[in-house]
Amino acid sequence: MALFQKNPFSTDSTKPLYTLSNNKTILIVGLGNMGTRYHKTRHNLGFTCVDAFAKQHEFPDWAEKGDLKAYVTAKTLGDTKVLLAKPTTMMNLSGEAVQAIAHFYKVEPSSIVVVHDEAAIPFGQIRTRMGGSSAGHNGIKSITKHIGEDFGRVRIGVEPAEPTRLDMSDYVLARMSEDEESQLPALLRETSTLLTEYVFAGELGHETRSFLV
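Conventions we followed
In every chain, residue numbers begin from 1 and rise along the written sequence. Local features in this predicted model are restricted to residues whose pLDDT is 70 or higher, and side-chain atom pairs enter the listing and the counts only when it is 80 or higher, whereas totals over whole chains, interfaces and linings include all residues. Hydrogen atoms and water are omitted, and side-chain values are computed over all heavy atoms in the structure. The helix count covers DSSP runs of H or I at least four residues long, the strand count covers runs of E at least two residues long, and both are numbered beginning at the N terminus. Relative accessible area decides the class of each residue, using a 1.4 Å probe on protein chains only: under 20% of the type maximum gives buried, over 50% gives exposed, and in between gives partly exposed. For this analysis, residues touch if any pair of their heavy atoms sits within 4.5 Å. For the area figures, the Shrake-Rupley method with a 1.4 Å probe applies, and any residue is considered shielded solely by the protein chains shown. By convention a nonpolar core is built from buried Ala, Val, Leu, Ile, Met, Phe, Trp, Tyr and Cys residues, the set being connected through side-chain atoms within 4.5 Å. Only strands that DSSP links by at least two bridges are regarded as paired with each other. Fitted lines through C-alpha atoms give the axes, limited to the stretch in contact for helices. The angle between two N-to-C directions lies from 0 to 180 degrees. What makes a salt bridge here is a side-chain nitrogen of Lys or Arg within 4 Å of a carboxyl oxygen of Asp or Glu, nothing more. Note: the arc covers the axis-to-C-beta directions of the helix. Under the pairing criterion, centres of Phe, Tyr and Trp rings, with the six-membered ring standing for Trp, must be within 6.5 Å; the plane angle then separates stacked pairs below 30 degrees from edge-to-face pairs above 60, leaving the rest tilted. Whether a charge sits over a ring comes down to the Lys NZ or Arg CZ being within 6 Å of the ring centre and within 35 degrees of the ring normal.

Novice: Tell me what's going on with the overall build of the protein chain, and back it up with residues and numbers.
Specialist: Secondary structure assignment for the protein chain yields six helices and ten strands. Counting all 213 residues of the protein chain, 50% fall into the buried class. Across the protein chain, every contact between residues at least 6 apart in sequence was considered, and the portion connecting residues at least 24 apart equals 69%. Surface exposure of the protein chain reaches about 10500 Å², of which carbon and sulfur atoms provide 49%.

In structure tokens form, the structure reads like this:
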């Protein structure tokens, strides 16, 4: 039996798009803020990376689910059932969406990976790990508050190479520079590779990779 079963005849927008069988699923969450003002900002790299992963693997179109406070899509890759999500809450409330999705689909924190920007990591690096602190990231703080620390993270470095006059909260909410945008295709390829390896291996290692070309 397939893990995700679509309800094609339901017009009730409060009902989740998919129901679950008894199989295990992996949940991959991209963090960001909804709205055109946040498009191409550093703080929305989680959204951007998960969108690229969904496109690469030809996931169905995203569906907005109000009760889950997120856009969701799902597909089976190999023998693994994969659920992707983008919270529609603001970044600081991301945990509300992750908790709702995890509860509905019965996903344990150890089977959740969150993709997000991190100002404490140099631009050009991607680091992965299971658990750990928030490093000051408000989206991760919110998720930890709602489901604990034992989930995976794919952390996209956005730390500026040179000191910035901007407050760090303003810096991550600013649009990427031309140089950063030129590196975006490499970033998306490397992140998609990491997520694909996670899906097929079932584990998220503790490592650092570079996407600079």
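Novice: Please give an account of the nonpolar core that cites residues and values.
Specialist: Ranked by size, the top nonpolar core spans 32 residues in total, and within it Ile28, Phe53, Leu84, Val115, Val154, Ile156 and Leu187 carry the most contacts. Secondary-structure elements contributing two or more residues to this core are β3 (25-30), α1 (45-56), β6 (80-87), β7 (112-122), β9 (152-159), α4 (168-172) and α6 (184-201). Ala85, Ala102, Tyr105 and Ile140 belong to the second-largest nonpolar core, a separate cluster that totals 22 residues.

Novice: Account for the sheet that holds strand β8 (residues 125-130), with residues named and values stated.
Specialist: Taken in spatial order, the eight strands line up as β4-β5-β6-β3-β7-β9-β8-β10 in an open sheet, and their pairing is mixed. Each edge of the open sheet carries a strand with a single partner, namely β4 (63-65) and β10 (207-210). Neighbour to neighbour, the strand axes of the sheet diverge by 30° on average, direction disregarded. Examined bridge by bridge, β3 and β7 share four bridges and lie parallel to one another. Within β7, the position partnered with Val29 by the bridge is Val114. Each of β7 and β9 is contacted by helix α3 (residues 138-147), which is oriented at about 140° to β7, the strand it contacts most. This element, α6, spans β3, β5 (70-77), β6, β7, β8, β9 and β10 of the sheet and lies at about 145° to β10.

Novice: Account for the environment of Gln125, with residues named and values stated.
Specialist: By the element assignment, Gln125 lies in strand β8. Excluding residues within four positions of it along the chain, Gln125 makes contact with Arg155, Ile156, Gly157, Thr208, Arg209, Ser210 and Phe211.

Novice: Which residues make up the pattern of salt bridges, and what are the values?
Specialist: Between side chains of opposite charge, a pair can form when the charged atoms approach closely. Scanning all chains against the criterion turns up nine salt bridges. Between Glu197 and Arg209 there is a salt bridge, with its nearest N and O atoms 2.5 Å apart. Here the residue Glu197 occupies a position in helix α6, and Arg209 occupies one in strand β10, the gap between them amounting to twelve residues. Taking relative accessible area as the criterion, Glu197 reaches 36% and is therefore assigned partly exposed. By relative accessible area, Arg209 is classed as buried at 17%. A salt bridge links Arg209 to Glu207; the shortest N-O distance between them is 3.1 Å. Assessed through its relative accessible area of 30%, Glu207 is described here as partly exposed. When salt bridges with common partners are traced through the structure, they connect Glu190, Glu197, Glu207 and Arg209 into a single cluster.

Novice: So, α3: which residues are in play, and what are the values?
Specialist: Taken together, the buried positions of α3 are Gly139, Ile140, Ser142, Ile143 and Ile147. Within α3, the buried residues cover an arc of 160° as seen down the axis, which keeps them to one side. Taken together, the buried residues of α3 touch α2 (94-105), β7 and β9. Trailing α3 by a residue or two, Gly148 shows a phi angle of about 90°, which is positive.

Novice: I'd love a proper account of the packing of aromatic side chains, names of residues and values included.
Specialist: Applying the stated rule across the entire model yields three aromatic pairs. For the ring pair Phe104 and Tyr105, a centre distance of 4.8 Å and an interplane angle of 90° mean the geometry is edge-to-face. The residue whose ring lies beneath Lys86 is Phe47, and the NZ or CZ to ring-centre distance is 5.8 Å. Over the ring of Trp62 we find Lys86, and its NZ or CZ is 4.5 Å from the ring centre.

In short, the description is geometric, and any link to function would need to be established separately.
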